[in-house]
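Below are the chains, spelled out letter by letter.
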Amino acid sequence: MSKVLRAGVIGGGAISRHGHIPALLSAGVELAAVCDPAPGRAVEVAREFGISQAVESHEDVLAMDDLDLVVIGVPNVLHAPIAIAALETGKHVLCEKPMATTSADAERMIEAARNAGKLLSVNQH
């Protein structure tokens with residue numbers, strides 16, 4: 001019997017609503033939380049997709065101990081710091097493209113994944 005993966009979605013914009021969330025649900029992933037700093041957006045997305053928790057801060061998602069992974073769909077400049085923080089909390093990461101805005105940030109993300117022993121994947125298609 002396979003374990004059902006639990007995920008948190010960081011970013012409630014179009015890429016998450018039309019890409020990440022439907023794909024995760026179709027793969028049988030349990031969506032435990034969604035966050036977005038825009039007032040009300042996380043609640044709206046949670047209602048739309050039946051996600052149990054809606055918060056405004058990615059830190060709240062990263063503090064959840066029972067998540068296996070996070071999916072990051074936020075402005076590009078935030079990819080590296082959020083991915084690194086997620087990896088440091090022991091979560092696997094799927095990050096929207098581009099991976100980072102600088103090669104140095106991309107290298108730091110890779111190093112954080114290696115140090116944590118977690119998967120870091122970029123949604124590059």
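See above for the structure.
First, a word on what this report is: a plain description of the structure on this page. (Residues numbered from 1 in each chain as written. Predicted model: local features only at pLDDT ≥ 70, side-chain atom pairs only at ≥ 80, totals over all residues. Heavy atoms only, no water.)

**Topic: the sheet that holds strand β4 (residues 69-72)**
Then, number 1: With parallel pairing, six strands are arranged side by side in an open sheet as β3-β2-β1-β4-β5-β6. The two strands at the open ends of the sheet, each matched to only one other strand, are β3 (53-55) and β6 (120-123). Direction aside, neighbouring strands of the sheet carry axes that sit 20° apart on average.
Then, number 2: Where strand β2 (residues 30-35) meets β3, three bridges bridge the pair, whose relative direction is parallel. In the sheet register, Val34 faces β3, and the bridge partner there is Ala54. (Pairing = 2+ DSSP bridges. Helix = DSSP H or I, 4+ residues; strand = E, 2+ residues; numbered from the N terminus. Axes fitted to C-alpha atoms, helices over the stretch in contact; angles between N-to-C directions.)

**Some points on the pairing of strand β5 (residues 92-96)**
Then, number 1: In the sheet, β4 pairs with β5 via four bridges, with the strands oriented parallel. Each bridged residue has a counterpart across the sheet, and for Val70 the counterpart in β5 is Val93.
Then, number 2: This β-α-β element, β4 to helix α4 (residues 79-88) to β5, shows right-handed connectivity.
Then, number 3: For the segment spanning β5, helix α5 (residues 103-116) and β6, crossover handedness is right-handed. (Right-handed = clockwise from strand over helix to strand, strands pointing away.)

**Points about the nonpolar core**
Then, number 1: Counting 25 residues, the largest nonpolar core has Ile10, Val61, Leu67, Val70, Ile72, Val93 and Met109 as the members making the most contacts within it.
Then, number 2: Tallying contributions element by element places α4 first for this core, with six residues.
Then, number 3: Beyond its immediate stretch of four places on either side in the chain, Ile10 contacts Cys35, His58, Val61, Leu62, Val70, Val71, Ile72, Gly73, Val74 and Ile82.
Then, number 4: In this structure, Leu31, Val34, Ile51 and Val71 belong to the second largest nonpolar core, which totals 14 residues. (Core = buried A, V, L, I, M, F, W, Y, C linked by side-chain atoms within 4.5 Å. Buried < 20%, exposed > 50% of the residue type's maximum accessible area, 1.4 Å probe, protein only. Contact = heavy atoms within 4.5 Å.)

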